[in-house]
Number of protein chains: 6
Amino acid sequence: MQRRRPSSETLSGESGDVYFARADEILAKEGLDPLVTMEVFSRGSGVLCGVDEAKILLSHALVDCSPEEAIVEALSDGDEFATKEIVLRIRARYRAFGLYETAILGMLAQSTGWATAAREIVEAAAPTPVISFGARHVHPDITDTLDYAAIVGGCVGASTPAGARLAGLNPTGTMPHSLVLIFGDTVRAAEAFDRVLSPDVPRVVLVDTFRDEAEEALRVAHALGDRLYGIRLDTPAERGRVTPDLVHEVRARLDQAGFGHVRIIVSGGLDPERIRHFLESDAAVDSFAVGSHISGARPIDFTGDLKEIDGRAIAKRGRIPGPTESPRLQPVDLSAWRAS
Amino acid sequence: MQRRRPSSETLSGESGDVYFARADEILAKEGLDPLVTMEVFSRGSGVLCGVDEAKILLSHALVDCSPEEAIVEALSDGDEFATKEIVLRIRARYRAFGLYETAILGMLAQSTGWATAAREIVEAAAPTPVISFGARHVHPDITDTLDYAAIVGGCVGASTPAGARLAGLNPTGTMPHSLVLIFGDTVRAAEAFDRVLSPDVPRVVLVDTFRDEAEEALRVAHALGDRLYGIRLDTPAERGRVTPDLVHEVRARLDQAGFGHVRIIVSGGLDPERIRHFLESDAAVDSFAVGSHISGARPIDFTGDLKEIDGRAIAKRGRIPGPTESPRLQPVDLSAWRAS
Amino acid sequence: MQRRRPSSETLSGESGDVYFARADEILAKEGLDPLVTMEVFSRGSGVLCGVDEAKILLSHALVDCSPEEAIVEALSDGDEFATKEIVLRIRARYRAFGLYETAILGMLAQSTGWATAAREIVEAAAPTPVISFGARHVHPDITDTLDYAAIVGGCVGASTPAGARLAGLNPTGTMPHSLVLIFGDTVRAAEAFDRVLSPDVPRVVLVDTFRDEAEEALRVAHALGDRLYGIRLDTPAERGRVTPDLVHEVRARLDQAGFGHVRIIVSGGLDPERIRHFLESDAAVDSFAVGSHISGARPIDFTGDLKEIDGRAIAKRGRIPGPTESPRLQPVDLSAWRAS
Amino acid sequence: MQRRRPSSETLSGESGDVYFARADEILAKEGLDPLVTMEVFSRGSGVLCGVDEAKILLSHALVDCSPEEAIVEALSDGDEFATKEIVLRIRARYRAFGLYETAILGMLAQSTGWATAAREIVEAAAPTPVISFGARHVHPDITDTLDYAAIVGGCVGASTPAGARLAGLNPTGTMPHSLVLIFGDTVRAAEAFDRVLSPDVPRVVLVDTFRDEAEEALRVAHALGDRLYGIRLDTPAERGRVTPDLVHEVRARLDQAGFGHVRIIVSGGLDPERIRHFLESDAAVDSFAVGSHISGARPIDFTGDLKEIDGRAIAKRGRIPGPTESPRLQPVDLSAWRAS
Amino acid sequence: MQRRRPSSETLSGESGDVYFARADEILAKEGLDPLVTMEVFSRGSGVLCGVDEAKILLSHALVDCSPEEAIVEALSDGDEFATKEIVLRIRARYRAFGLYETAILGMLAQSTGWATAAREIVEAAAPTPVISFGARHVHPDITDTLDYAAIVGGCVGASTPAGARLAGLNPTGTMPHSLVLIFGDTVRAAEAFDRVLSPDVPRVVLVDTFRDEAEEALRVAHALGDRLYGIRLDTPAERGRVTPDLVHEVRARLDQAGFGHVRIIVSGGLDPERIRHFLESDAAVDSFAVGSHISGARPIDFTGDLKEIDGRAIAKRGRIPGPTESPRLQPVDLSAWRAS
Amino acid sequence: MQRRRPSSETLSGESGDVYFARADEILAKEGLDPLVTMEVFSRGSGVLCGVDEAKILLSHALVDCSPEEAIVEALSDGDEFATKEIVLRIRARYRAFGLYETAILGMLAQSTGWATAAREIVEAAAPTPVISFGARHVHPDITDTLDYAAIVGGCVGASTPAGARLAGLNPTGTMPHSLVLIFGDTVRAAEAFDRVLSPDVPRVVLVDTFRDEAEEALRVAHALGDRLYGIRLDTPAERGRVTPDLVHEVRARLDQAGFGHVRIIVSGGLDPERIRHFLESDAAVDSFAVGSHISGARPIDFTGDLKEIDGRAIAKRGRIPGPTESPRLQPVDLSAWRAS
């Protein structure tokens, strides 16, 4: 993950549950700051994500601690984890990081939910590649985080420049319906796209704006010829969404007309069940663009537990005192994670 | 909603789908910038939220347009909306705002999902008040947005300072399990809390850390006496979560010991069904603290459609050309929404 | 019902269960031919149909009997009947009609199944009219019987000349896809239709053969103008079938272009649930054309029981001896039903 | 299949959808009669039946065409076919056969529905043979078609002389309840049956008319001795229908009395599930007589598509232009199918 | 309830959980015997039964206590009780009754389960009376308790002399199948029954042993004439059990033959659902004889809690300390319940 | 099974259906007492129990018969039996045992129901042992029979002295909640238990009365040290019952404190599904104490049929005449079963 400095609201604790700030005030006044061990785990399982961002946050939080009082061990973004497995362990003075419990758990919960859903859909679609198209369902301040998590989960690309950059890729996209509507004709919009954009942007044209998709796909193919990289089928729900039959027919009509090189990208309300239906029907889809199944995934809840205080094993009722044996955890070099 | 300047990533379009940036490039090169009408609606229904944040964004985007070419009409945060009802209509040069379609839809989708889920749970709990405790499930950059949406949906409070401030309230909280663990005893932690914090912070004590809740509640009540505002029951899943029977018993034991003034706050995995179960069982809950049912709510998808271009009714296939009759829309005074 | 002479196979008994022919042979050899009462009923309920055809058959079978030994009482086509209600009672010498038990029960079972299904769908669609389009699912020798039963069940028209004639109506239809394909363009096919056919045939044009329905509907409306009576939406399953949204959009686009007079006929896989969905969505359908829900309806089984033999009450095990009180039965004037 | 001349209503087109007659009129007036290729397929799968009757119809329709303009290829009655497999292809002038599309599809739909249901039940019952007893549920004009289809599907016999003849067999039957009621006693009816009928009619006696089946079976066995071929159990629904236990008991009582040669035929509301229940219970059934599961089977819908017009590949939207590769189709020698 | 001395095993505590005997030994050795209040309640609800037998047991257990240290309050057999309602409260020295906790709870659990099931079926059958016929499903040492509970639940009679006596009634019965088999004919068995038994035993004859029930019912009616009180239909499962249709037919055939006075008793696998089916079908059943639905009813679990010890409110975790307000409880006069 | 004389009510027939007494009276008066064969079977299957008690009863009933007229064959307690398998066959004069049909069937039905349920739960728990704790749900007169049946079904112990004795074992138990409440503290109650009871009673202490189980378990372990055999977890439903997580935690905390020898016994609402959940979660349960799943098991219905009378095969309708081949039956030596 590309390093970014945590936001000022995160660092101030303003974005966290207020009772952590209050606990900090109490401990300060009472002169308490024990050396504690906190362990983070989930009752669910999935593909871990957000833990690298948490490492960045901790690298800032613990910057002034001595190395022996700032020991962080963790798994990494992209690792699969099991129910109740420890994914992050922090050994430090409590007041050095206690304020960030909400932030750390939130980074993990939301990104892990997205990465796990992405993995689910990538596995359903394999070997057909999947692109993340869910930016429109989440707040713009976290579309980059969403797209990064989708790529951690296995997507080969994402639609936002910010998200793609976070994962070290270029963004992926076609054209909006608005562009076609403004040009008033799909072929004219496609020709302008072809005229204007840099040659390294693949020519992928939306073909459902004005006419039947099969008819329009042929018109566009005749207009752009070999320069046409692919067409995107995004039939609206009012017209029954994209079906395997439609893909069969468009593929057949393109092939009959000599456009075997034109790829077919499918989007619109895709989930694992629908994707499996395309694959079982042998529909010739070249890639799937998936939105809400990933972006609408429920966060996967994480919990942070104190298991040791000043060397003494402890736990709240319902948990087992003392550190949990966790051989998969790796030591984290905090200085390497600190963003400038 | 408190005014905030949109983030630089939002304003640059980096957080949006890349094809909007490409469309902008094409239109610029082709010299096209028609006056268009875009309408935004959802296939779902619920409690609208995020539209006021969108107004702030538009107030920045359209800052240089003449008033007659920057007409925005909209509903407001907290309004209920029906399936396919228009919630926002923008009439302006396309290039003045086309780049922000992803951001606007994302603000609406996620906040409306949260506000609608909050409304659902608030209605299940009525007249018992509900507090938003979901910050730990979402990325710290949007916990304020989450808590604001929860309050728009009807919650009476929220746990993050940033979110509460956005809604013009003070944050609400008790104490973390960590504090109790560090003090090694619930009563000692409660006494420190009581000693240190400002008198206007209500004394609400967690009672499930070390001992049985009924036993601990009585110990705390004896220790703090009249100064104890309430206790929070948050029994872990390993101990069967909070049940109506537990509330009955704790209430009865507190009352028998003369602590009728101590309120009972319940948290832990609450959803409308469990809340209805508490109400049907006449369990004497004074407030519910709800996390993942709100914070894990699925975004409610919104769509933006061009319906008019340079005065001509138009629409993509599957939609009806021309503006939709929408008498509930109110004109938006953009200058009033611009954040300094 | 229009009178028709029963087929020779029916009159010979060849189309009936062979054991009736054998019973006839045995009784003849043994010199037995008692005066019996047979009652016909069903375990189901529904809209009776086929009983008028049974009256015609009995009018031929009993032609040589004395009036006092040929007493037939019955309900009529279109009557609703209850579970176990007697719908037909025959009092005659057994050998005069015993051979026709299979034929009578078969006429009742199949026609009643169709009429009952038609009634179900007509009630779901009310007040929108329904036309029977199911001829393609049944053998050509009974399409007339099917369409007659559909009209008895409440359909306002049917697609076969033979069936419509049986019910005293004109057949209803539009044009086959083949015609559009042969002309190579929907508008050209519509113009030829308009040129050639008698002015009393309503101009109803299929609009889904080549292009998107909304686009094609407008082209046809512009071509035929006021002479266009309606368009038929019959979107294939591969394109998601007709949806309420499609009807909304086509209606809106026709109205916006000034073709408010053009009716919309919907067909394709309709059943009561889908029809209710159209009505609940306020889709402006002017009539529904229904096929397999009616033509594929399961026959409703009827049973014929001897209840009296030479004046003695009798019954097989499981039934109650003697005639059943049946005040709704009407005497049948056999001579009036005899076809020339 | 035995050859029969199509009915005059079929040949006139009166039993078909009226729009085929209208299309014919239009094409005639417009002077169009292209050489076309029509393909027939189903979205379902099953046991094909009715296609031989369609060959007879086409042999009459295309009688005046030159051999190179009347090329028919098809599967045969009894062939299994897959979803969307082509079962019939006609290459001829459109006007030579267009009028018969409804008739051809209807022959296929209804007979294939019956044959497929018969196959299903024959497979459930194997190796116990199944007889078709469903004539009483369908119109007498098609009982022969029903019984022929049942035999194509695997039944070893059928109850109507007309149907059995169509399949080249003798009809199968026992005796009606009416005969037993008229004789007033099962044994007396059985003795008359035995006295009168030709020795080559197997003596199968119904034993549920007056008394308990087990008691009556023994009485009949004692009366007819070695001449008794079998008994039929047809217990009415009011008495709980035939159960495996009843078959066990009747078999045991017959065997104990030395009538091991008497076969047991079971009928009454049989479907695959109930038949499997008999087989799993090891009930000694010698044959099953099945009615409504076969006769009430839903037609299996077929579709006819033009795929080529005057040598040019074509198709309506949703289908793939040009003939489908169909190696299983066999050329049809029309002159051999023409009935005199 | 008729008073009976508790069995010696009950009084010795041998039939109770051994830990009560051990607790008694410990308390004796430790010199502890506080004055306690025990309350008995259930998590279920229903018709209370067994509490009168518990009063008898307590009248023996507390015989030597002073009246002020032996205060028992309770509801009575036949009372309906709600979830968690107190049905029995004992205030006495613990060692005077602690040993009998198992016995008291067992009496309540099993009898209340039976009475509640009986009430359920009596309500389903109302106004048709129900007789308890379940003795064959429970151990002979408790058939009297079963039949008493069934009568408390609303049955009008029961089949065992011991059970009927406990409830103050005469037993009810017909004749066993064995008797009919030994006589070899239902009519001969019925005649012997009629000849031998006292005239005050109603003549109710089983009619399904050898022949069809309808036939046999008429034979018996002709044989006994006016002396026949009723017939019992008990068709075995192998013959489909008794159905409403069978009752209709037997009633009709009896009435047609002038035996309108003969009652019809139905038995065999009856539960509330099947009984409702008879009533909804207007089957003329005069009484139902019900076995396993009552005798197989699950015990309804009761719990005994100490709520006060030597005047101090107390309770185990999960319960509320101190006596529960229970205005429906009535003081029990123990001396009146003591059996001689 | 330990021999016990049948109760006087059983021997007098008072506890049986009255119609057997009446049949006896009729046969006596009519001078009939044939030599009959009765067979007993069930429509269910399971683990047979109660048949040894039936042998004792028959040993008393047939005491005066000649050996050749008192032939009993049977399976034994603990044998598995199949649907409709004969488990007991009696060949004797009918009047010698006919009166006991109700008692014999009742012994079999109830004990077999319990033993079969016990087997089901023992198999779910294997290899963890199961103890029967259901005495509190059944009448004290049959707790011995219940516990005997549970042990026949595979339980290793039972809680009542009477039941354990019947199976030749010692009873098993811990301490009641009442004892803890009277001592006012779990540790004090445990110490008294330890002080008073014989050393061969294992020290098993209930730990859920006053405090959280984990806390209390440690306190008790510290108090009794090596003398502590085990603790019983019996968390009430109001506190969520015992969960695998609780067992994990208590085990871990005991082990951490050096009390690895202390066993964990789990009780409270256990059924096979919950037990499987403990095993699948690897919860370290040392034994399960099971109550209502066994004690509330539905009786398994048995039927007695006369199959031969004076050497003649016979049967009621629905059954097959004559003795059934039953090679597993063993001759019963009645004199050996007679109790003194």
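For the structure itself, look to the data block above.
Quantities reported herein were computed from a predicted structural model and do not represent experimental measurements.

Q: Describe the interface of chain A and chain C, with residues and values.
A: Facing the 13 residues of chain A at the interface are 13 residues of chain C. In total, about 1,100 Å² of surface goes out of reach between chain A and chain C, with carbon and sulfur atoms giving 37% of it. Taken together, the connections running from chain A to chain C amount to six salt bridges. Note that A:Arg239 is salt-bridged to C:Glu249, the shortest N-O span being 2.9 Å. Linking chain A to chain C there are eight residue pairs in polar contact (both at pLDDT 80 or more). When grouped by side-chain class, the residues that make up the side of chain A that touches chain C number three nonpolar, two polar and eight charged.

Q: Break down the packing of helix H5 (residues 101–125) of chain B against helix H12 (residues 272–280) of chain B for me, with residues and values.
A: Each packed pair of helices is defined by two parameters, the angle between the axes and the distance between the axes. All names here are of chain B. Here H5 crosses H12 at 10°, and the two axes come no closer than 8 Å. As the angle between them shows, H5 and H12 are arranged roughly parallel. As for how H5 packs across H12, the hand of that crossing is right-handed. Contacts from Glu120, Ile121, Ala124 and Ala125 in H5 reach Pro272, Ile275, Arg276 and Leu279 in H12.

Q: Lay out the pattern of salt bridges in plain terms, naming residues and giving numbers.
A: Between side chains of opposite charge, pairing is possible as soon as their charged atoms come close. All told, the structure shown has 197 salt bridges over all chains when counted by the stated rule. A salt bridge links C:Arg95 to C:Asp24; its shortest N-O distance comes to 3.0 Å. Of this pair, C:Arg95 sits in helix H4 (residues 94–97) while C:Asp24 sits in helix H2 (residues 18–30); the two residues are 71 residues apart in sequence, bridging distant segments of the chain. Exposure remark for C:Arg95: the relative accessible area of 34% places this residue in the partly exposed category. The class of C:Asp24 is partly exposed, set by a relative accessible area of 22%. Between C:Lys84 and E:Asp245 there is a salt bridge, with its nearest N and O atoms 3.0 Å apart. With C:Lys84 in the loop between strand E4 (80–81) and strand E5 (86–93) and E:Asp245 in helix H11 (residues 244–256), this residue pair bridges two chains. Each of A:Arg43, A:Lys84, A:Asp305, A:Arg319, B:Glu238 and F:Asp245 takes part in one network of salt bridges that share partners.

Q: How would you explain the sheet that holds strand E7 (residues 157–158) of chain B if you had to name every residue and give the values?
A: Residues and elements named next belong to chain B. Judged by pairing direction, the sheet is parallel, and its six strands sit side by side in the order E7-E6-E11-E10-E9-E8 without closing on themselves. Strands with a single pairing partner mark the edges of an open sheet, and in this sheet they are E7 and strand E8 (203–206). The pairing of strand E6 (residues 130–132) with E7 spans two bridges and is parallel. The partner of isoleucine 131 across the bridge, within E7, is glycine 157. This element, helix H11 (residues 244–256), spans strand E9 (228–233) and strand E10 (263–267) of the sheet and lies at about 160° to E10.

Q: Provide a residue-level description of the relation of the copies chain A and chain C, including the pertinent values.
A: Copy one and copy two of the chain differ by a rotation about a common axis and a shift along it. Rotating chain A by 179° and moving it 0.0 Å along the rotation axis overlays it on chain C with an RMSD of 0.1 Å. Both copies of the chain, as the preceding transformation shows, are related through a two-fold rotation axis. Interface overlap between copies: 100% of the residues of chain A at the interface are likewise at the interface in chain C, consistent with a symmetric, same-surface contact.

Q: Go over helix H3 (residues 51–61) of chain D, please, and point to the residues and values.
A: Most of H3(D) sits inside the fold, with eleven of its eleven residues counted as buried. Along H3(D), the residues that are buried comprise D:Val51, D:Asp52, D:Glu53, D:Ala54, D:Lys55, D:Ile56, D:Leu57, D:Leu58, D:Ser59, D:His60 and D:Ala61.

Q: Please set out the environment of B:Arg119 residue by residue, giving values where relevant.
A: Residue and element names in this part refer to chain B. You can see arginine 119 is positioned in helix H5. Between the alpha carbons of arginine 119 and valine 47 there is a distance of 7.4 Å; along the sequence they are 72 residues apart. The residues touching arginine 119, leaving out its near neighbours within four places in the chain, are Val47, Gly78, Glu80, Val152 and Gly153. One polar contact links arginine 119 to glutamate 80, side chain to side chain, over a distance of 2.8 Å.

Thresholds, definitions, all that
- Residues numbered from 1 in each chain as written.
- Chains lettered and ligands numbered in written order.
- Predicted model: local features only at pLDDT ≥ 70, side-chain atom pairs only at ≥ 80, totals over all residues.
- Heavy atoms only, no water.
- Contact = heavy atoms within 4.5 Å.
- Buried area = accessible area lost by both parts, 1.4 Å probe.
- Salt bridge = Lys/Arg side-chain N within 4 Å of Asp/Glu carboxyl O.
- Polar contact = N/O pair within 3.5 Å; in protein donor to acceptor, adjacent residues only side chain to side chain.
- Nonpolar A, V, L, I, M, F, W, Y, C, P; charged D, E, K, R; others polar.
- Axes fitted to C-alpha atoms, helices over the stretch in contact; angles between N-to-C directions.
- Helix = DSSP H or I, 4+ residues; strand = E, 2+ residues; numbered from the N terminus.
- Parallel < 35°, antiparallel > 145°, perpendicular 65-115°, else oblique.
- Left-handed = near helix turned anticlockwise from the far one by under 90°.
- Buried < 20%, exposed > 50% of the residue type's maximum accessible area, 1.4 Å probe, protein only.
- Pairing = 2+ DSSP bridges.
- Least-squares fit on C-alpha atoms with pLDDT ≥ 70 in both.

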